[in-house]
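Spelled out, the chains give:
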Amino acid sequence: MAKAYERIADDLRQRIRAGEWGPGERLPAETKLVEDFRKSLPTVRQALGVLQAEGLIEKQHGRGNVVRKARRPVARTNERHQWEKDRARQTLEERKQTGATERDTGLTISDLVFSAEFAEIQADEDLAEAFGVPVGTRLLERVYRTRYREEDSPFNISRSRLIYETAAANPDLLDPGKEPWPGGTHNQLHTVGIEVDRVVERVTARPPTFEEGEELELTAGVAVMVLRKTSIDTDGRVVEVADVTLPGDRTVLEFTTPLARW
């Protein structure tokens, strides 16, 4: 038999889905819900906590419990890599028309807010193994965040690393002011004579760190997916290692694998 808070949560859930309260609208005050359901305040708050964990509502300072607006979904497929490579040798004007985020979200460049932070770092054991270089090798780390203009949190947090000496062959690659770079990493590597042969992606899931939960505005219980993207050039060298932290409540990963015919 369902517990009292579960019944309250189910009742409110059904009413939200039926449109009794729309996105951004407040639910009745907790004292009113106590009166309506004839249950204690802790029981009502437990029910509301369930809906918060499900991402249906959120508690806003000064407003109370509010129906959560649906976040802009992101559909990421592995077909994006060939799409990006095909653009690498296009003209600047062609490359400036659209980027991978627009492709994944269906938004336009004017809909997006982009930021980039660059830093020189040294390869720790994990990155040294990923690149096949000694620990302490100089790397260029680029941290990218892109968000929908109508939302406060980014779609993901992307940490891309290049071998510093490789990037330094084109000084523009060391300048965050050149971002967002038309044509993305494929074109950046093309400017220093590198052609990406293949991309290997590995996806894991884990609870978010406190900082990730705050920045991505995750509700309790929502995990993040961490996608490690390793780009390998035509000589078999690892030329980029990127870790992309993706919120589990608004990201779809889709992989299409062509199979050879008999």
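Before any of the text, the structure's been laid out above.
These figures come from a predicted structure and were not determined experimentally. (Residues numbered from 1 in each chain as written. Predicted model: local features only at pLDDT ≥ 70, side-chain atom pairs only at ≥ 80, totals over all residues. Heavy atoms only, no water.)

**A few points about the packing of aromatic side chains**
Moving on, step 1. Taken as a whole, this structure holds 2 aromatic pairs when the rule is applied.
Moving on, step 2. Measuring from ring centre to ring centre gives 5.7 Å for Phe 114 and Tyr 144, while their planes differ by 35°; the resulting arrangement is tilted. With a gap of 30 residues between them, Phe 114 in strand β4 (residues 112-122) and Tyr 144 in strand β5 (residues 138-148) connect regions that are remote in the sequence.
Moving on, step 3. Phe 114 sits in the partly exposed class, given a relative accessible area of 31%.
Moving on, step 4. Given the relative accessible area of 12%, Tyr 144 is considered buried. (Phe/Tyr/Trp six-rings, centres within 6.5 Å; stacked < 30°, edge-to-face > 60°. Helix = DSSP H or I, 4+ residues; strand = E, 2+ residues; numbered from the N terminus. Buried < 20%, exposed > 50% of the residue type's maximum accessible area, 1.4 Å probe, protein only.)

**Details of the pattern of salt bridges**
Moving on, step 1. Taken as a whole and assessed by the stated rule, the structure comprises 27 salt bridges.
Moving on, step 2. Residue Glu 215 is joined to Arg 145 by a salt bridge in which the shortest nitrogen-to-oxygen separation is 2.3 Å. Pair noted here: Glu 215 is in helix α10 (residues 210-216) and Arg 145 is in strand β5, with a separation of 70 residues, a long-range link.
Moving on, step 3. For the salt bridge of Arg 198 with Asp 197, the shortest nitrogen-to-oxygen distance reads 3.1 Å.
Moving on, step 4. Assessed through its relative accessible area of 41%, Arg 198 is described here as partly exposed.
Moving on, step 5. One salt-bridge network, in which partners are shared between bridges, spans Asp 126, Glu 141, Arg 159, Arg 161, Arg 228 and Asp 243. (Salt bridge = Lys/Arg side-chain N within 4 Å of Asp/Glu carboxyl O.)

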